[in-house]
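Architecture at a glance
Chain residues, written in single-letter form:
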Amino acid sequence: MRLIGEFGYQGGVLCCSGVPVPKILESVPHTRGVTPAYIYSGRGITCNCHTMKTAFSQAKIHFAVKACMNVAILRRMNHEGIGFDVVSHGELNRAALTNARGRDVVYAGAAKSDWEISEAVGFGATIVVERPEELPLISVAANALGKNTDILLRLRPNVDAHTHQHLTTGTAFSKFGMPADLVNEIIAGWSDRRVKIRGLHFHIGSQITAMPWNAITPAAS
């Protein structure tokens with residue numbers, strides 16, 4: 001019987017990359033004879049990184065640090081050329097511990113504080129602008145620090161991904177991002193030479209169970 005990726009049974013014993021799980025657990029410090037443990041396969045992570053880079057050869061892949069903040073795993077991903085998506089000071093700090101470069105980090109999040117924006121600018125991250133109120137904060141930080149800063153404008157595309165109502169983030173009624181007319185207005189009037197608009201950012205939802213061309217339709221206005 002074979003399970004997911006590097007996990008499978010050999011001789012009736014669950015193994016990770018060929019190593020019996022009971023043997024792995026023997027190396028885990030514990031005081032009461034048993035302990036919970038997370039087991040990852042380094043080889044499996046490397047293989048998945050290669051698979052993603054091959055499937056999307058023209059794209060820069062970013063891993064959402066909120067999904068796993070284990071620095072050893074993040075370092076392996078960084079070594080394989082995977083960038084990071086962060087949404088907080090703590091997550092940016094995790095990315096920094098891997099020696100990730102600023103251009104490899106995208107700083108998103110709908111509730112950035114002014115000092116978090118300044119920190120992101122100083123790090124050299126690309127910043128996702130969720131709302132127009134963030135723009136002057138980015139401009140002030142970039143000009144004060146003398147840092148050229150790339151930004152992405154988060155577009156609210158008015159698309160319903162047909163997932164759970166609390167996980168659908170791309171409709172016209174979503175609290176995330178900005179409508180197209182506001183995005184166009186910002187692009188038309190932008191003039192800060194320190195801050196460059198490099199593109200759009202959007203997210204339509206999570207836990208989408210059908211293929212996009214079947215699941216995604218324009219939302220009703």
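Attention here is on the structure that accompanies the text. What you see is a predicted model; the values in this text were computed from it and never measured. (Residues numbered from 1 in each chain as written. Predicted model: local features only at pLDDT ≥ 70, side-chain atom pairs only at ≥ 80, totals over all residues. Heavy atoms only, no water.)

**Quick look at the overall build of the chain**
Put simply, the rule is: Strands here mean DSSP runs of E at least two residues long; helices mean DSSP runs of H or I at least four residues long; both are numbered from the N terminus. Each residue is placed in one exposure class: buried if its accessible area under a 1.4 Å probe, protein chains only, is under 20% of its type's maximum, exposed if it is over 50%, and partly exposed if it falls in between. Any pair of residues with heavy atoms lying within 4.5 Å of one another is described as a contacting pair. Here the Shrake-Rupley method, with its probe set to 1.4 Å, supplies the accessible areas, and only the displayed protein chains count as covering residues. We count Lys and Arg on the positive side and Asp and Glu on the negative side, and we leave His and both chain ends out. Lys charges are placed at NZ, Arg charges at CZ, Asp charges at CG and Glu charges at CD.
Each helix and strand counted, the chain has eight helices and 11 strands in total. Expressed along its principal axes, the backbone C-alpha trace of the chain runs to roughly 65 × 45 × 35 Å. Out of the 221 residues belonging to the chain, those deemed buried represent 35%. Of all intrachain contacts in the chain linking residues separated by at least 6 positions in sequence, the fraction that spans at least 24 positions is 48%. When the accessible surface of the chain is summed, it comes to about 13,400 Å², and 56% of that surface belongs to carbon and sulfur atoms. Here the chain carries 22 positive and 17 negative side-chain charges, and the mean point of each set is 8 Å from the other.

**A closer look at a nonpolar patch on the surface**
Heads up, the condition is: Each patch groups residues whose relative accessible area exceeds 30% and which form no salt bridge, using 9 Å between like charges and 5 Å between nonpolar side chains of Val, Leu, Ile, Met, Phe, Trp and Tyr. Salt bridge, as used here: a side-chain nitrogen of Lys or Arg that lies within 4 Å of a carboxyl oxygen of Asp or Glu.
Taken together, the side chains of I187, L200 and F202 make up a nonpolar region of the molecular surface, amounting to roughly 300 Å² of accessible area. If you trace the backbone, I187 turns up in helix 7 (residues 180-189).

**A short note on the packing of helix 5 (residues 114-123) against helix 6 (residues 134-145)**
Here is the rule: A fitted line through C-alpha atoms represents every axis, and for helices the fit uses only the stretch in contact; the resulting angles, taken between N-to-C directions, go from 0 to 180 degrees. Angles below 35 degrees are treated as roughly parallel, those above 145 as roughly antiparallel, those between 65 and 115 as roughly perpendicular, and all remaining angles as oblique. Each crossing is labelled by how the near helix is turned from the far one, with a counterclockwise turn of less than a right angle marking it left-handed and a clockwise turn marking it right-handed. Three classes are used, and their members are as follows: Ala, Val, Leu, Ile, Met, Phe, Trp, Tyr, Cys and Pro are nonpolar, Asp, Glu, Lys and Arg are charged, and the others, Gly among them, are polar.
Helix 6 packs onto helix 5 with a crossing angle of 45° between their chain directions and a minimal axis gap of 9 Å. Considered as vectors, helix 5 and helix 6 are oriented oblique to each other. The chirality of how helix 5 crosses helix 6 is right-handed. Residues D114, I117, S118, V121 and G122 of helix 5 form the contact with helix 6, whose own contacting residues are E134, L137, I138, A141, A142 and L145. Class assignment for the residues of the contact of helix 5 with helix 6 results in seven nonpolar, two polar and two charged.

**Description of the sheet that holds strand 7 (residues 126-129)**
Quick reminder of the rule: Should DSSP find at least two bridges between two strands, the strands are regarded as paired.
The strand order 4-5-6-7-8-10 describes an open sheet built from six strands, whose pairing is parallel. Looking along the sheet, the strands with just one partner apiece sit at the ends: strand 4 (62-64) and strand 10 (195-201). On average, each strand axis in the sheet is inclined to that of its neighbour by 30°, with strand direction left out of account. In this sheet, strand 5 (residues 83-86) lies alongside strand 4 in parallel orientation, the contact comprising three bridges. Opposite F63, over in strand 5, you have F84 as the bridge partner.

**Structural notes on the nonpolar core**
What counts, and what does not: Note on terminology: a nonpolar core comprises buried Ala, Val, Leu, Ile, Met, Phe, Trp, Tyr and Cys residues joined through side-chain atoms within 4.5 Å.
Membership of the largest hydrophobic core comes to 33 residues, with the highest contact counts inside it found for F84, V86, I138 and I151. Ranked by residue count, the leading element in this core is helix 6, at four residues. In this structure, I151 is in contact with T126, I127, V129, L135, I138, V195, K196, I197, R198 and G199, ignoring residues within four places of it in sequence.

**Topic: the pattern of salt bridges**
Going through the model one piece at a time under the given rule, you end up with seven salt bridges. Two residues, D104 and R101, come together in a salt bridge whose shortest N-O distance is 3.0 Å. A relative accessible area of 7% means that D104 is categorised as buried. R101 sits in the partly exposed class, given a relative accessible area of 44%. Its salt-bridge partner being E130, residue R154 comes within 2.8 Å of it at the nearest N-O pair. On the criterion of sequence distance, the pair formed by R154 in strand 8 (residues 149-154) and E130 in the loop between strand 7 and helix 6 is long-range, its members being 24 residues apart. By the burial criterion, R154 is buried, and E130 matches it. Beyond isolated ion pairs, a larger network of salt bridges with shared partners links K60, R101 and D104.

Honestly, that's just the spatial picture; any functional story needs more than this.
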